[in-house]
Amino acid sequence: MNATTPPFTEEDTSRTLRTEHGVLHFHEVGHGPPLVMLHGSGPGATGWANFGENLAAFATHFRCLVLDLPGFGRSYTPPTNLVLHGAEAVAAFVDGLGLDSFSLLGNSLGGKFASQVAAARPDQVRRLATIGGVGLPLFSPLPSEGISRLVDFVENPTRELLIAWMRSMVFDTATLTEEMIDRRWEAATEPEALAGIRQIYSREMLSFLRDIMLDNTNEFVTLRGIQAPTLVTWGRDDRVTPPDGLIPAMRLIRDCEVHIFPDCGHWTMIERKDEFERVVIEFLTRDESETTL
C-alpha cells in the first residue's frame, strides 16, 4: 500500500521495478492521477533529494512516482552516458507500471527527459511541468558556472568543492543547511554515485555537451512535438541553466506557460518551496476545459 499521510519517509515509500534495461528505484506516495517526478543531475542527486520535501503537498493531489534516473540513487547504471538513456528509461518505467495517462514534472536534466517523453508520447502525457533544463541557452556562456563547478567536484571530490557547487545552485546560500551538505556529501561520495556522475560530467564530456547544445535541430524537433499543456518554470538567478534557455521553449511548445521565480537559483523546488508547490499544483490540477488551444 502507498503511504498516504505525512510524514513520509524515504524507506517507507521505496519501491523497485525491473525493466528490460535494469532495475529502477523509485518512491511512491499518495493517491490520484499519476505524476512522474524526474530529478536533475549532480553529486548525490536522487528523486528523494530533489522532491522529498515537496511530497506532502503533491501527494494530496497525485499518485507521486519519484524516479531515480539510471546512474543515480539505487537505479541501475547504464553502459554509456546517461544523457543517451534517460528518456528510454522513463518510457520503460511508465510502461512497466502500466500507466496509460500521466503528467510529468522534471527538474533540470529530468526536465529535458520529460520533454523528450512528452514529445514521443503525446497521447499519454496529460500535462508537463519543468524546472529549468528544457530549451536552449541563447546568450549565456557554455558551460555555465554551475556546470563548471560541478566538473571541478567530479575531478576532485572534496567537501569544499561540493559546497562551492551547491552554492552555485541557489540564490540565497543560507538555504544550504549543514544537514543538507552532510546528506549530499555522503550520497555524492559513494563509489557508484561518483562513477555515474563521471559518465556525464568531465572536461572531455563538456565539449560533447556543448556540441549537442550548439546542434539544436533535435531540441527544436522535441519542443515542437510537445502537445501537452506545459508549464516552464525558472529561477531568475539560475547559474546552472540560465533563464535565456526558456525562450525557444516558450516560442516552440504549442501550449506553453512560463513562471519566473525572482531571487531564486536552480533549486526552485527547495529555495522557493511554498510558491513552487502552489504554482505547479495549480497548473497540474487545472481543468482541461480551461486550456487555451
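How each quantity is defined
- Residues numbered from 1 in each chain as written.
- Predicted model: local features only at pLDDT ≥ 70, side-chain atom pairs only at ≥ 80, totals over all residues.
- Heavy atoms only, no water.
- Axes fitted to C-alpha atoms, helices over the stretch in contact; angles between N-to-C directions.
- Helix = DSSP H or I, 4+ residues; strand = E, 2+ residues; numbered from the N terminus.
- Left-handed = near helix turned anticlockwise from the far one by under 90°.
- Contact = heavy atoms within 4.5 Å.
- Salt bridge = Lys/Arg side-chain N within 4 Å of Asp/Glu carboxyl O.
- Buried < 20%, exposed > 50% of the residue type's maximum accessible area, 1.4 Å probe, protein only.
- Pairing = 2+ DSSP bridges.
- Parallel < 35°, antiparallel > 145°, perpendicular 65-115°, else oblique.
- Nonpolar A, V, L, I, M, F, W, Y, C, P; charged D, E, K, R; others polar.

Chemist: Describe the packing of helix α3 (residues 86-96) against helix α4 (residues 109-120), listing the residues and the values that go with them.
Modeler: Between α3 and α4, whose axes approach to 9 Å, the crossing angle comes to 60°. The handedness of the crossing between α3 and α4 comes out as right-handed. Counted together, Gly86, Ala87 and Val90 of α3 and Phe113, Gln116 and Val117 of α4 form the full contact between these two elements.

Chemist: Describe the pattern of salt bridges, listing the residues and the values that go with them.
Modeler: A complete count under the given rule lists 17 salt bridges for this structure. With its nearest N and O atoms 3.0 Å apart, the salt bridge here joins Glu145 to Arg239. Taken together, the residues span a long stretch of sequence, with Glu145 in helix α5 (residues 145-155) and Arg239 in the loop between β7 (230-235) and α11 (246-252) at a distance of 94 residues. Since its relative accessible area comes to 30%, Arg239 is described here as partly exposed. Residue Glu282 pairs with Arg286 through a salt bridge whose shortest N-O separation is 2.9 Å. The exposure class of Glu282 is partly exposed, given its relative accessible area of 42%.

Chemist: Summarise the sheet that holds strand β4 (residues 63-67); cite the residues concerned and give the values.
Modeler: A sheet is described by the order of its strands in space; here eight strands give the open sequence β1-β2-β4-β3-β5-β6-β7-β8, paired in mixed fashion. Either end of the sheet is taken by a strand with one partner, and the two such strands are β1 (14-18) and β8 (256-261). Strand-to-strand twist of the sheet, defined as the mean angle between neighbouring strand axes without regard to direction, takes the value 20°. Pairing between strand β5 (residues 102-107) and strand β6 (residues 125-131): five bridges, direction parallel. Following the sheet pairing, Gly106 is matched in β6 by Thr130. Across the sheet, α4 touches β3 (34-38), β5 and β6, and the angle it forms with β5 is around 150°.

Chemist: Mind laying out the packing of α5 against helix α6 (residues 159-168), listing which residues take part and the relevant values?
Modeler: Orientation of α5 relative to α6, taken along the N-to-C sense of each, is 165°, at an axis distance of 9 Å. Between α5 and α6, the crossing angle belongs to the class labelled roughly antiparallel. Considering the relative orientation of α5 and α6, their crossing is left-handed. Here Glu145, Gly146, Arg149, Leu150, Asp152 and Phe153 of α5 lie close against α6, whose contacting residues are Leu161, Leu162, Ala164, Trp165 and Ser168. Taken together, the residues of the contact of α5 with α6 sort by class into six nonpolar, two polar and three charged.

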